[in-house]
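Descriptive analysis of the structure
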2 protein chains.
Amino acid sequence: MDTNTHFGRIRQALEEQITSGVLPPGARLPAERLLSERFHTTRVTVRGALNSLEQDGIIYREDRRGWFVAPPRLVYNPTKNANFHQMAAEQGYAPDTSLIEAHRIPSTPQIQQMLGLPPLSQVYRLRRLRSIDQRVVLFVENYIRADYFPDLLDHDLSQSLSTLYQERYQTVYQHVAFQLYPVALPEQAASQLKVTQGSAGLLISRVNRDQSNRIIDCDFEYWRHYALVVQAETT
Amino acid sequence: MDTNTHFGRIRQALEEQITSGVLPPGARLPAERLLSERFHTTRVTVRGALNSLEQDGIIYREDRRGWFVAPPRLVYNPTKNANFHQMAAEQGYAPDTSLIEAHRIPSTPQIQQMLGLPPLSQVYRLRRLRSIDQRVVLFVENYIRADYFPDLLDHDLSQSLSTLYQERYQTVYQHVAFQLYPVALPEQAASQLKVTQGSAGLLISRVNRDQSNRIIDCDFEYWRHYALVVQAETT
DNA sequence: TCATCATCTTGGTATAGACCAGATTGCCTT
DNA sequence: AAGGCAATCTGGTCTATACCAAGATGATGA
C-alpha cells in the first residue's frame, strides 16, 4: 500500500484497526467528518479511502447511517442447490427473509425467453430481501411458472422456495444454469439494500429445472458485493 | 436513474450516447475537464458519474490515458476447462498473452497449503498479462509444482498452459476447484492492468488437478471486473 | 534515422468550504 | 405511556481551485 498519500495512509490505518481486531465485524467507524479532522485532511479524501476499503469488502456503508466493519464473506456454492437459510445457518450466521411483494403477473418478453414461455403467460413474481445477522445482503426477484404451482401465493413465502417446492409440490431443483457478473446495483436493489444507487454489487441470475428437466423458475439475485465468495468444484 | 442531480444527468447522457452507438466500444470519451465544462459542473462531479458508469462495466479507464467505452463482456465458463486463447477466439476476440516473469522459487506457506506441498518445496511462478483486442483484461499468477514439470521454463510460456501440459507432459486438467470474489485490485495487478490501485476487480483463484487427481498447479486471476461474465451449468 | 528531451494533455490527489436529505434521538405534549 | 415534532447527526452531492505524475507528442540533435 502506497503510504505517500493521505489516501493510502488513511486506508492503511483503518485496515490495521480492523485486521487487528480493535474494530470488530459490525462495528461502526467514526463519522467522515471526525476522520477527516483526525487525519488532518478533508472529507473528499477520507471518502476516497473509505470507497477503496469498501471495494475490497473490508467495510460497508448504510445510506446516511454510517460505515461499518464487514463480517467474513458468506461462502456460496451455486452448484450445490443449497438454499439460503441452510447455507447461512451452516456457516454460523442467523439468516432471515422478508417478503416485499408477491404477485401473479403477465410475463415480460425477457422472462418468457428465460422460462421458455409463450407470450401472455402468467408468472408469479416474488421480491424478497434477505439478511444475515441483521445485515441485508441480498435482494432477490423470483419469476415462477404459475401453471406448475397453483395457489403458491397462499403459502409462507419467507421460507426457502426449494423447501416449499419439495413439501407442497413434490418438485425439486435438479439442474441450474447461472450467470454471475459484477454490476452497479440498480435503483430498486440499491434502495432495498440501503446502499447508494450505483454502488458495487454482484448479480447472479439462475434458471432452474426440476427432476423432469422442466424449467420451473428463474431468479435475479442482487448481492452486496462484499457479502460473498462464490465457490465451486467441477470434474 | 435519478436525473435531479448533475451526477444522474451526466450518467444518463453518457449512457445514452453509448447505448445508442454514437460512442462505439473502444471509443474514447471526452476528457474530464471538457465534460465538466459541457455539463456546467466540476471535475469532482464528473468523476462521480464516470466512476458509477465504470462500476456498471459500461466504461473503463486507463491510468492517465483516458476513459473508454467497454466492449461486451467475455463469457467465462470455469467448468469447461477452456483455455483463455480458445475461449476468446471462439467469441470473436483477438486474445494475446505476454509473459512478465517466470522463475523457479521456494514456495510460500500459502502456496504450500493450496498445492499440498511440504515446506521448502520448489515451484514455478509465472506472471502473465492477457488482453483481448489490445485491451489488457487479466493479470494472472500461476504457481506450478516444479517436480511434475521439469524444464518447464524452457518452453514458450505465452501460450496456454493447458496446451503446454498436454503436448509436452501428457498431463491434462481434469478437476478444478475455484473461488471467485469481487475485490479491490492489489498494487501489482492494478499497475499491470493500468488501473488505479484499489479499483474494482474480480479475483478467481483455482486449484487444478490432473487425470490422476494430483494437484498440479494453482493460479490467481485478477480480472478487470467489467471484462467478463461467469457462466456455468450444473446438475 | 533514431534516440532524447521539453511540452502539453490526461487523470490522480488534494484543499476548504457549502447545502441537502434521510436516520436517529430525545423532548414535549396529549 | 404513546405519539408527534424538532434538533442533531449522518452520509450524499456539489462548487471552485490547485498541484502532481504519467502518458503522448513533436521538435531537436547526434
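Going by the structure above, here's the rest.
Residues numbered from 1 in each chain as written. Chains lettered and ligands numbered in written order. Predicted model: local features only at pLDDT ≥ 70, side-chain atom pairs only at ≥ 80, totals over all residues. Heavy atoms only, no water.

1. Side note on the nonpolar core
In terms of nonpolar packing, the biggest core is built from 46 residues, with A:Ile204, A:Trp223, B:Leu74, B:Ile204, B:Trp223 and B:Leu228 touching the most fellow members. In this view, B:Ile204 contacts B:Tyr76, B:Phe178, B:Gln179, B:Leu180, B:Asp219, B:Phe220, B:Glu221, B:Trp223, B:Leu228 and B:Val230; residues no more than four positions away in its chain are not counted. (Core = buried A, V, L, I, M, F, W, Y, C linked by side-chain atoms within 4.5 Å. Buried < 20%, exposed > 50% of the residue type's maximum accessible area, 1.4 Å probe, protein only. Contact = heavy atoms within 4.5 Å.)

2. Focus: the interface of chain B and chain A
Between chain B and chain A, the contact holds 33 residues from the first and 33 residues from the second. Contact with chain A buries area across many residues of chain B, yet B:Gln55, B:Pro182 and B:Thr234 alone supply 20% of it, more than any other trio. Summed over the shared surface of chain B and chain A, the result is 0 salt bridges. For the pair chain B and chain A, the interface holds 12 residue pairs in polar contact (both at pLDDT 80 or more). Looking at side-chain class alone, the side of chain B that touches chain A contains 16 nonpolar, 12 polar and 5 charged residues. Summarising the sheet, strand β7 (residues 175-184) of chain A and strand β10 (residues 228-234) of chain B pair through 5 bridges and their orientation is antiparallel. If you follow A:Leu180 over to β10(B), its bridge partner there is B:Val230. (Buried area = accessible area lost by both parts, 1.4 Å probe. Salt bridge = Lys/Arg side-chain N within 4 Å of Asp/Glu carboxyl O. Polar contact = N/O pair within 3.5 Å; in protein donor to acceptor, adjacent residues only side chain to side chain. Nonpolar A, V, L, I, M, F, W, Y, C, P; charged D, E, K, R; others polar. Pairing = 2+ DSSP bridges. Helix = DSSP H or I, 4+ residues; strand = E, 2+ residues; numbered from the N terminus.)

3. Here we look at the sheet that holds strand β8 (residues 200-209) of chain B
Strand order in the open sheet formed by 8 strands is β3(A)-β10(A)-β7(B)-β8(B)-β9(B)-β6(B)-β5(B)-β4(B), and the pairing between neighbours is mixed. Looking at the sheet topology across the chains shown, the edges are occupied by β3 (74-76) of chain A together with β4 (95-106) of chain B. In this sheet, neighbouring strand axes are inclined to one another by 20° on average, regardless of whether the strands run parallel or antiparallel. (Axes fitted to C-alpha atoms, helices over the stretch in contact; angles between N-to-C directions.)

4. So, the protein's contact with DNA strand C
In the vicinity of DNA strand C there are 25 residues, among which A:His6, A:Thr41, A:Arg65, B:Arg33 and B:Arg47 approach most closely. Here the atoms of DNA strand C within 4 Å of the protein split so that 57% fall in sugar or phosphate, with bases taking the remainder. A:Arg64 places a polar side-chain atom, nitrogen or oxygen, 3.4 Å from a base nitrogen of DNA strand C. One nitrogen or oxygen atom from the main chain of B:Glu32 is found 2.9 Å from a phosphate oxygen belonging to DNA strand C. Across the surface near DNA strand C, the residue classes break down as 5 nonpolar, 8 polar and 12 charged. (Near = heavy atom within 4 Å.)

5. Considering the packing of helix α1 (residues 6-19) of chain A against helix α3 (residues 43-55) of chain A
Residues and elements named next belong to chain A. Close contact between α1 and α3 brings their axes to 9 Å; oriented N to C, the two are set at 50°. For the element pair α1 / α3, the angle class is oblique. Between α1 and α3 lies a crossing whose hand is right-handed. Note on element contacts: α3 touches α1 through Thr-45, Val-46, Gly-48, Ala-49, Leu-50, Ser-52 and Leu-53, opposite His-6, Phe-7, Ile-10, Arg-11, Leu-14 and Glu-15. Broken down by class, the residue content of the contact of α1 with α3 amounts to 7 nonpolar, 4 polar and 2 charged. (Parallel < 35°, antiparallel > 145°, perpendicular 65-115°, else oblique. Left-handed = near helix turned anticlockwise from the far one by under 90°.)

6. Considerations on the pattern of salt bridges
Considering all chains together, one arrives at 28 salt bridges over all chains under this definition. Note that A:Asp210 and A:Arg214 form a salt bridge whose closest N and O atoms lie 3.0 Å from each other. For A:Arg214, a relative accessible area of 33% puts it in the partly exposed group. For B:Glu32, the salt bridge goes to B:Arg43, with nearest N and O atoms at 3.0 Å.

7. What to know about the relation of the copies chain B and chain A
For the pair chain B and chain A, the best superposition has an RMSD of 0.1 Å and corresponds to a rotation of 180° with a translation of 0.1 Å parallel to the axis. Accordingly, the operation relating the two chain copies is best matched by a two-fold axis. Of the C-alpha atoms belonging to chain B, the one lying closest to the rotation axis is found on B:Pro182, 3.7 Å away. When you check the interface residues of chain B against chain A, 100% turn up at the interface there too, and the contact is symmetric in its surfaces. (Least-squares fit on C-alpha atoms with pLDDT ≥ 70 in both.)

8. A short note on the protein's contact with DNA strand D
What surrounds DNA strand D is a group of 23 residues, the closest being A:Arg33, A:Arg47, B:His6, B:Thr41 and B:Arg65. When the atoms of DNA strand D within 4 Å of the protein are grouped by moiety, sugar and phosphate amount to 61% of the total. B:Thr42 places a main-chain nitrogen or oxygen 3.4 Å from a phosphate oxygen of DNA strand D. Elements that contribute at least two residues to the surface near DNA strand D include exactly α2 (32-38), α3 and β2 (66-69) of chain A together with α1 (6-19) and α3 (43-55) of chain B.

9. A few points about the environment of B:Thr3
Note on placement: B:Thr3 falls in the segment before α1. When near neighbours in sequence (up to four residues on either side) are disregarded, B:Thr3 contacts B:Arg9 and B:Gln12.

10. Topic: the pairing of strand β5 (residues 122-132) of chain B
Residue and element names in this part refer to chain B. Most of β5 is tucked away, with 10 of its 11 residues classed as buried. As judged from the 11 bridges shared by β4 and β5, these two strands associate in the antiparallel manner. Following the sheet pairing, Leu-99 is matched in β5 by Arg-128. One ladder, built from 10 bridges, connects β5 with strand β6 (residues 135-145); its direction is antiparallel.

11. What to know about the sheet that holds strand β4 (residues 95-106) of chain A
Reading across the sheet, the 8 strands line up as β4(A)-β5(A)-β6(A)-β9(A)-β8(A)-β7(A)-β10(B)-β3(B) and stay open at both edges, with mixed pairing between neighbours. Two strands lie at the open edges of the sheet, namely β4 of chain A together with β3 (74-76) of chain B, each paired on one side alone. On average, adjacent strands in this sheet sit at an angle of 20° to one another, irrespective of strand direction. In this structure, strand β8 (residues 200-209) of chain A lies alongside strand β9 (residues 215-224) of chain A, joined through 9 bridges in antiparallel fashion.

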